[in-house]
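Coordinate analysis (summary)
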Amino acid sequence: MLLEVSNLAIAYGDRPIVEGFNLKLDKGQICAIVGESGSGKTTVIRAILGCLPGLGHVTGGKMIFDSKDLSQNTPEEWRQLSGTSMSMVFQDCGGTMDPIQRIRTQFVEYIQQHSDMKEEQAVERAVQMLKRMSLPNPEIVLNSYPFELSGGMNQRVGVAMAMCFSPKLLLADEPTSALDVTTQAQVVKEMMNICREDDTAIIIVTHNLGVAAYMADHIIVMQNGHVMEEGTSAQIVNEPRTDYTRKLLAAAPQIGDAVNDFQYNF
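Residues numbered from 1 in each chain as written. Predicted model: local features only at pLDDT ≥ 70, side-chain atom pairs only at ≥ 80, totals over all residues. Heavy atoms only, no water.

Here we look at the overall build of the protein chain
Regarding its fold elements, the protein chain presents eleven helices and ten strands. The C-alpha atoms of the protein chain give a radius of gyration of 18 Å, which matches the 18 Å a tight globule of 266 residues would have. The C-alpha extent of the protein chain, read off along each of the three principal axes, is 55 × 50 × 30 Å. Across the protein chain, the fraction of contacts at a sequence separation of at least 24, relative to all contacts at a separation of at least 6, is 68%. Distance between charge centres in the protein chain, computed from 21 positive and 32 negative side chains, equals 2 Å. (Helix = DSSP H or I, 4+ residues; strand = E, 2+ residues; numbered from the N terminus. Rg over C-alpha atoms; globule rule 2.2 N^0.38 Å. Contact = heavy atoms within 4.5 Å. Lys, Arg positive; Asp, Glu negative; His and termini not counted. Charge placed at Lys NZ, Arg CZ, Asp CG, Glu CD.)

So this is what it looks like as structure tokens:
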């Protein structure tokens, strides 16, 4: 088992935010956590990566990753883990980058922070990763500033950086919600292809059950910090047990020829 989360509880200050969360994920599997804004889904993956903001802290439960209890990590162990064995793709990758530095500078710095590559080697690796994300003219992309790229291109750069060291686990926080539906489909497809090649497990957070049903082997539905139901993608889509899940399904956008199955059609 790559990751096992047992009875996880999280609070901000004295206010409980997530209670009784459980998850099991093996190598190469994909799990989607779905729910409306404020349901606690992003809080869960931030806890797994050890980057809860402000007064956020884990108040109970266990998170075992690759046979190690994450709650025992020192700051240095978190630094070594993040970006290598475990990486994250954010909702707006362009917004997380330095707007006054070129992509090349930031990508190379990221690679050298986690390896002993020389600059020339790091540039070659960056070009290779951008090509894997189907970005044309990667040299031009590297010489661009984030604001010179489209939202879809910035997301591809973010995924390329996150996958640079073939992590065992990729955490994706609403990675396509800021994109138009055509670009969403392209980015999702490319992200899944590169993760399959590296046998990387994924936890994707989304409010869109269409994205979840297409990507995930397993879906967890959350509301107000609690798990409402969980199951395989087919079970959640075809046999939802709660009214809340039915409402999420009814709100899922449809793409291409996918009419009734809530899946992307490429």
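Additional details are given in the paragraphs that follow.
Re helix α1 (residues 41-49)
Since the α-helix turns once every 3.6 residues, residues separated by three or four places project in the same direction. Most of α1 is tucked away, with seven of its nine residues classed as buried. Listing the buried residues of α1 in full gives Lys41, Thr43, Val44, Ile45, Ala47, Ile48 and Leu49. Remark: Gly50 follows α1 within two positions and exhibits a positive phi of approximately 75 degrees. (Buried < 20%, exposed > 50% of the residue type's maximum accessible area, 1.4 Å probe, protein only.)

A few points about the sheet that holds strand β2 (residues 15-25)
The four strands lie next to each other as β2-β1-β4-β5, forming an open sheet whose pairing is antiparallel. The open sheet has two free edges, formed respectively by β2 and β5 (68-69), since each of these has just one partner strand. Alignment of strand β4 (residues 56-65) against β5, held across two bridges, turns out to be antiparallel. Across the sheet, the residue bridging to Ile64 is Asp69, located in β5. In this fold α1 packs onto β1 (3-12), β2 and β4, with an angle of close to 110 degrees to the strand it touches most, β1. (Pairing = 2+ DSSP bridges. Axes fitted to C-alpha atoms, helices over the stretch in contact; angles between N-to-C directions.)

Quick word on the pairing of β1
For a regular strand, side chains alternate in direction, first toward one face of the sheet and then toward the other. Relative to β2, β1 runs antiparallel, the two sharing seven bridges. Bridge pairing in β2 places Val5 opposite Leu23. The hairpin formed by β1 and β2 contains two residues between the paired strands, and Gly13 there has a positive phi angle of roughly 65 degrees. Judged from the eight bridges that link them, β1 and β4 form a sheet pairing that is antiparallel. Bridge pairing links Ala11 to His57 in β4.

Comments concerning the environment of Cys164
Within the secondary structure, Cys164 sits in the loop between α7 (151-162) and β7 (169-173). Take Cys164: its relative accessible area is 2%, and that puts it in the buried class. On a C-alpha basis, the gap between Cys164 and Cys195 in space is 11 Å, while along the polypeptide they are 31 residues apart.

Description of α7
Under the 1.5 Å per step criterion, the end-to-end length of α7 is 17 Å for twelve residues, consistent within 8% with the ideal 16 Å. Counted residue by residue, α7 has ten buried out of twelve residues, so it is predominantly covered. Of all the positions in α7, only Gly152, Asn154, Gln155, Arg156, Val157, Gly158, Val159, Ala160, Met161 and Ala162 are classed as buried. (Expected span 1.5 Å × (residues − 1).)

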